[in-house]
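Survey of secondary and tertiary structure
Okay, here's what each chain looks like letter by letter:
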Amino acid sequence: MEKPSSEFVADAGLAYDLLVVPSQLPAAVETAQALPQLRFVLDHAAKPDIAHGEIDPWRTPIAALAALPNVAAKLSGLVTETDTWTVDQLRPYADVLIDAFGPERIMFGSDWPVCLLAASYDEWVAAAGELTSGLSDSERAAVFGDTAAQWYRLAT
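Only a predicted model underlies this, so the values are computations on that prediction, with no experimental measurement involved. (Residues numbered from 1 in each chain as written. Predicted model: local features only at pLDDT ≥ 70, side-chain atom pairs only at ≥ 80, totals over all residues. Heavy atoms only, no water.)

1. Points about a nonpolar patch on the surface
Keep this limit in mind: Nonpolar side chains (Val, Leu, Ile, Met, Phe, Trp, Tyr) within 5 Å and like charges within 9 Å form the patches, drawn only from residues with over 30% relative accessible area and no salt bridge. Each accessible area is a Shrake-Rupley estimate made with a 1.4 Å probe; only the visible protein chains count as cover when residues are assessed. Salt bridge, as applied in this entry: a Lys or Arg side-chain nitrogen positioned within 4 Å of an Asp or Glu carboxyl oxygen. Secondary structure elements are taken from DSSP: a helix is a run of H or I of four residues or more, a strand is a run of E of two residues or more, and numbering for both begins at the N terminus. Think of it in three bands: with a 1.4 Å probe and only protein chains considered, a residue is buried below 20% of the maximum accessible area for its type, exposed above 50%, and partly exposed in between.
Together, W112, L116 and Y121 line one region of the surface with nonpolar side chains, adding up to about 350 Å² of accessible area. Secondary-structure assignment places W112 in the loop between strand 4 (106-108) and helix 5 (121-131). Assessed through its relative accessible area of 54%, W112 is described here as exposed.

Quick look at the structure:
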């Protein structure tokens, strides 16, 4: 019997990125639970409905996903989820991610070039800096590089 492709991904030491929307989060949780040998990275915070300020329908499955040790998340893609944005508008969503996953399983993602639809790269980097300003220097170092290096096994 041939190995499932998920085993090849895990055996190769690769991580699998989850690009989902909020309604697909329960399936993402089931998938990550069923494949504990595989590392997953949630992209773009699962694209929460920031434009309408809806946080609770998104928060619960985010917490369920974060409860799984084989899942990390990218702090990315938030600026494109509303026509106009402010850091204060993004903060509740970033706080949910940071509180749920912790800095050791959160990584900055630029979402470039898609972010250019709503912000320049520099604007998004500055916003992410403000959104993580409550973290310690070592926690911010994790979010802005160390977590990605560890999770994607980029460091030697």
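2. Considering the confidence of the model for the protein
Filter applied, for reference: Confidence scores per residue from the predictor, reported as pLDDT, run from 0 to 100.
Taken residue by residue, the protein gives an average pLDDT of 93. The fraction at 70 or more is 97%. Averaged pLDDT values over the elements of the protein bottom out at 78 in helix 1 (residues 5-11) and peak at 98 in strand 3 (residues 71-75).

3. Some points on the packing of helix 2 (residues 25-34) against helix 3 (residues 56-66)
In plain terms, the rule: Lines are fitted to the C-alpha atoms to define the axes, a helix being fitted only along its stretch in contact, and any angle between axes, read from their N-to-C directions, falls within 0 to 180 degrees. Roughly parallel means an angle under 35 degrees; roughly antiparallel means over 145; roughly perpendicular covers 65 to 115; every other angle is labelled oblique. For this analysis, residues touch if any pair of their heavy atoms sits within 4.5 Å. Three residue categories are used. Nonpolar comprises Ala, Val, Leu, Ile, Met, Phe, Trp, Tyr, Cys and Pro, charged comprises Asp, Glu, Lys and Arg, and polar comprises the others, including Gly.
Look at helix 2 against helix 3: their axes get within 9 Å of each other, and the N-to-C directions meet at 10°. On the basis of their axis angle, the class for helix 2 and helix 3 is roughly parallel. Residue-level inspection shows L25, A28, V29 and A32 of helix 2 in contact with helix 3, the latter providing W58, P61, I62, A64 and L65. When its residues are assigned to classes, the contact of helix 2 with helix 3 shows nine nonpolar, no polar and no charged.

4. A closer look at the side chain of D43
On the secondary structure map, D43 appears in the loop between strand 2 (39-42) and helix 3. On the basis of relative accessible area, D43 is assigned to the buried category, the value being 9%. When residues no more than four places from it in sequence are discounted, the contact partners of D43 are D17, L18, L19, K74 and S76.

5. Overview of the environment of A73
Take A73: it is sitting in strand 3. Residues A73 and P57 lie 16 residues apart in sequence; the distance between their C-alpha atoms is 18 Å. Look past the residues within four positions of A73 in its chain and what remains in contact with it is V41, L42, L97, F101, R105, I106 and M107.

6. What to know about the pattern of salt bridges
The full count for this structure, using the stated rule, is four salt bridges. By sharing partners, the salt bridges in this structure join D17, D43 and K74 into a single network.

7. Some thoughts on the packing of aromatic side chains
Remark: the centre distance and the inter-plane angle together describe each pair of aromatic rings, the angle taken between the planes. As a reminder, the rule being used: Stacked, tilted and edge-to-face pairs are distinguished by plane angle, under 30 degrees for stacked and over 60 for edge-to-face with tilted covering the rest, among Phe, Tyr and Trp rings (Trp via its six-membered ring) whose centres lie within 6.5 Å.
Under the criterion given, the structure shown has four aromatic pairs. Look at Y16 and F40: their rings are 6.0 Å apart centre to centre, the planes differ by 75°, and that puts the pair in the edge-to-face class. You can see Y16 sitting in strand 1 (residues 15-18) and its partner F40 sitting in strand 2, a full 24 residues away along the chain. Taken together, F108, W124 and F144 form an aromatic cluster joined through their ring pairs.

8. Digging into the sheet that holds strand 4
Here is the rule: One bridge is not enough; two strands pair if DSSP finds at least two bridges between them.
Judged by pairing direction, the sheet is parallel, and its four strands sit side by side in the order 1-2-3-4 without closing on themselves. One side of each edge strand has no neighbouring strand; the edge strands of this open sheet are strand 1 and strand 4. Taken over all neighbouring pairs, the strand axes of this sheet differ in orientation by 30° on average, direction set aside. Here strand 2 pairs with strand 3 via three bridges, running parallel. By the bridge assignment, L42 is partnered in strand 3 with A73.

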